[in-house]
Amino acid sequence: MFSRFLSHFHINPNEPELNRARYDAIKTQLPLNYFLVSLASLGMCIAYHDLIPAYLLYPVPAVLFAVSLARLPQALPNRAVALNDAQVIKRLKMSVMISPIFALFIFCWNVMLFENGDAALRGLVVFFAGVTVIGGAMTLLAVPQAAKAMLLTTMPTTIIYLLFKFDPIYAISALNLFFVASVLHIAVLSNAKSQSDIVSHQKALLGQSQRMAQLNAETLRLANTDPLTKLPNRRSFFQTLDDTIEDYSEDDSEFVLALLDLDGFKPVNDVFGHAAGDHLLVSTAKRLTHRLGTNVIVGRLGGDEFGLLFLDPLDDLSMMKICEDVCTMLRDPFRLEEGIANIGGTIGLARFPHAGRNRSVLLDRADYALCYAKQHTKGIPVFFSEDHENTIRDAAALEKGLTEANLADELYVEFQPIVDTRENRVKGFEALARWYNPILGQVPPSDFIISAEQSGSIRSLTNILMDRALEGMKNWPNDVYMAFNLSAVLLSSPSSMEHLVKKVHKAGISPKRIVFEITESMIMQDFDRVIESLHYIRSEGFALALDDFGTGYSSLSYVQKMPINRLKIDRAFIKDMARNKADLNIVRTIAALCKNLDLDCVVEGVETERQLQLVDKLDLHFIQGYYFSKPLSPTAAQAFAEVMNEPTANSSANAS
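Small disclaimer: the values here were computed from a predicted structure and weren't measured.

Undergrad: Would you take a moment to explain the overall build of the protein chain for this structure?
TA: For the protein chain, the count of helices and strands is 28 helices and 16 strands. Over its C-alpha trace the protein chain gives a radius of gyration of 49 Å, far above what one expects of a compact globule, namely 26 Å for 656 residues. Overall size of the protein chain, expressed as C-alpha extent along the three principal axes, is 160 × 55 × 50 Å. Within the protein chain, the fraction of its 656 residues that count as buried is 45%. Of the contacts formed within the protein chain by residues at least 6 apart in sequence, a portion of 69% connects residues at least 24 apart. The average position of the 61 basic charges and that of the 73 acidic charges among the side chains of the protein chain differ by 7 Å.

Structure representation (structure tokens):
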């Protein structure tokens, strides 16, 4: 029973939020309460100054005022000492213990005053007692245990004391105090419940807010993390790049952006499957982060491409050495569940701020260095340089020239003869694209064809060149064909191929006199669609030649799948075949391949008598090169064909 009674004054340590709220509420109110009581008690002292000795009066307000000053620092926001949960509980327990002692002390002092005063002063004492208790209880309202302890200590003793005076006035005062105490007790209980509910609600809101913050943080993490490799994804990497540019721009500090592309990743996917490809990407990410450390930000940009951000870069040579080590590391075999995978890596680098001052330019420069490396030095890193900048500037000028030029007037074709050395006759001409621009001058085909493919103007350019080529061959002998090079862009577009076929029919040229030339590299860009276009071309009666054979993929399986009629041996193998036995053996192998597959074989780049003799010994008789003629204008080409194919000329040549 007694323990149950004491439980009403217990501070529950399992309610840290509620306890802290209670302490925060009373720590600012208690000093003010002590100060007000000290003033009230000082007034009582003045009233009793002539009736009671000073040493029994004035220590009370002095003590109360001293306590008020002692409590004051804790009430000031800028002076308050942060307390932990245990210290808060200790302070609250102390308040619960002190409140009845304080109340009993005031009661005893009031009794002393009451006994030594007249009727008027006694009324003042009763009023002081009531106000003191009510004020104290209201001050401690936030701590119901302390408020109840004060009420239960003061009110019953005061009421009993007044009743035992056996005076109707005091009895009425006691009854009034009883009602006030009851209302205060109800108020204390109600406030305690309200405060508990508020704190519980705040705790729930705080918990919900924390959960929302955790969910938001997790959502943000997922939005910025590649789900496969757990590296920063493209969005996160680009945001970090933007932030780095902004920070480093303040004092023109340097950092290096590198783009890494895996070499040989697609065959791993094709051979082992996409699951193996995923495992390979995860292993690659682990190798990169382990090798580069925490001072380099590694992100996956998509597919098999990674971004590297060197925040504290060394000089160019040192950076090249680091990236070379990375490429070497990637060449170490990857042991997957599905088998052993061998890949490599190529890296393009760009240094801020020299290569660019914003994300777009810097990425373009790093990507250009990467593409350059893949085309020229695969597996060896390349730093974007001033030479690359000049190349880009020239390409931009070329693209601008293509856009603004009157291509219908500036484009033309020249024809290089393809001679059958057995009959000493012209079998055909290859149409070679030419462009002369009044501003740019004579532009090499290797430059403007690539620019036209990148800018999207290759279709209109091809149509103009085809018109020129068909116009140039209309008066050729009927047994002379024309070879025309196709772009990979057109091969991937069935409508573009249909348009070219209609042009030939409209010009009145037999499809049998047209050979479309394609390269190995363009086929691999979209093999299935290209093969579909090639079959369409063959179904329309045109011939197909695989140009520059031996310099691209040179896969016999691909050659077997392509509906071609002939191969063209690249000039690179002809140039040094007189001195390089390896080149001679390659040409011999291609010649045997053509014979076994029943394909015509055209040799490009024959320029000397010795080269002609060597290919003739290999039973190769379709020759194209400067030995017979450089590229000719349409008029000169027609004249060349008429002379070479003139019956009398052929007869005398055969007789000799």
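Undergrad: Please clarify how the environment of Glu 646 should be interpreted in this entry.
TA: Positionally, Glu 646 belongs in the loop between α27 (634-644) and α28 (647-655). As a C-alpha pair, Glu 646 and Arg 425 span 221 residues in sequence and 8.6 Å in three-dimensional space.

Undergrad: Sorry if this is basic, but what is going on with a nonpolar patch on the surface here?
TA: Residues Leu 32, Phe 35, Leu 36, Leu 39, Leu 42, Ile 46, Phe 65, Leu 69 and Leu 72 make up a contiguous nonpolar surface patch of about 800 Å² in total accessible area. Among the elements of the structure, α3 (30-47) and α5 (59-75) are those that each provide at least two residues to the nonpolar patch. With six residues, α3 is the single largest residue contributor to the nonpolar patch. Assignment of secondary structure puts Leu 69 in helix α5. Leu 69 sits in the partly exposed class, given a relative accessible area of 46%.

Undergrad: What's the story with the packing of helix α15 (residues 386-404) against helix α17 (residues 445-455) in this structure? I'm lost.
TA: Angle between the axes and distance between the axes are the two parameters that describe a pair of packed helices. Between α15 and α17, the least distance of the axes is 10 Å, while the angle of their chain directions is 75°. Classified by the angle between their axes, α15 and α17 sit roughly perpendicular to one another. Two secondary-structure elements touch here, α15 through Ala 395, Leu 398, Glu 399 and Leu 402 and α17 through Asp 447, Phe 448, Ser 451, Ala 452 and Ser 455. Of the residues contributing to the contact of α15 with α17, the split by class is five nonpolar, two polar and two charged.

Undergrad: Sorry if this is basic, but what is going on with the packing of helix α20 (residues 494-507) against helix α22 (residues 527-539) here?
TA: Axis separation between α20 and α22 bottoms out at 10 Å; the angle between their running directions is 20°. As far as their axial angle goes, α22 and α20 are roughly parallel. In the crossing of α20 with α22, the sense of the turn from one axis to the other is right-handed. Here α20 contributes Met 497, Glu 498 and Val 501 to the contact with α22, which in turn contributes Ser 533, Tyr 536 and Ile 537. Residue classes in the contact of α20 with α22 are distributed as four nonpolar, one polar and one charged.

Undergrad: Whenever I open this one, the environment of Phe 128 confuses me. Can you help?
TA: The topology assignment puts Phe 128 in helix α7 (residues 119-139). Exposure remark for Phe 128: the relative accessible area of 4% places this residue in the buried category. Distance in space between the C-alpha atoms of Phe 128 and Asn 110 is 8.2 Å, their sequence separation being 18 residues. Apart from residues no more than four positions distant in its own chain, Phe 128 is found in contact with Val 37, Ala 40, Ser 41, Met 44, Ile 106, Trp 109 and Asn 110.

Undergrad: Teacher, can you tell me more about the environment of Tyr 58 here?
TA: Among the secondary structure elements, Tyr 58 is positioned in the loop between α4 (54-57) and α5. Taking the C-alpha atoms as reference points, Tyr 58 and Thr 244, 186 residues apart in sequence, are found 71 Å from one another. Setting aside chain neighbours within four positions, we find Tyr 58 in contact with Leu 42, Cys 45, Ile 46 and His 49.

Undergrad: Any chance you could explain the pairing of strand β14 (residues 566-569) here in plain terms?
TA: Look at any regular strand and the pattern is simple: side chains alternate between the two faces of the sheet. A two-sided burial pattern is seen for β14, the buried positions comprising Arg 566 and Lys 568 on one face and Leu 567 and Ile 569 on the other. Where β14 meets strand β15 (residues 600-604), four bridges bridge the pair, whose relative direction is parallel. Residue pairing for β15: Leu 567 is matched across the bridge by Cys 601.

Cut-offs and rules
- Residues numbered from 1 in each chain as written.
- Predicted model: local features only at pLDDT ≥ 70, side-chain atom pairs only at ≥ 80, totals over all residues.
- Heavy atoms only, no water.
- Helix = DSSP H or I, 4+ residues; strand = E, 2+ residues; numbered from the N terminus.
- Rg over C-alpha atoms; globule rule 2.2 N^0.38 Å.
- Buried < 20%, exposed > 50% of the residue type's maximum accessible area, 1.4 Å probe, protein only.
- Contact = heavy atoms within 4.5 Å.
- Lys, Arg positive; Asp, Glu negative; His and termini not counted.
- Charge placed at Lys NZ, Arg CZ, Asp CG, Glu CD.
- Patch = residues over 30% accessible without salt bridge, like charges linked within 9 Å, V, L, I, M, F, W, Y side chains within 5 Å.
- Areas by Shrake-Rupley, 256 points an atom, 1.4 Å probe, with all protein chains shown as cover.
- Salt bridge = Lys/Arg side-chain N within 4 Å of Asp/Glu carboxyl O.
- Axes fitted to C-alpha atoms, helices over the stretch in contact; angles between N-to-C directions.
- Parallel < 35°, antiparallel > 145°, perpendicular 65-115°, else oblique.
- Nonpolar A, V, L, I, M, F, W, Y, C, P; charged D, E, K, R; others polar.
- Left-handed = near helix turned anticlockwise from the far one by under 90°.
- Pairing = 2+ DSSP bridges.

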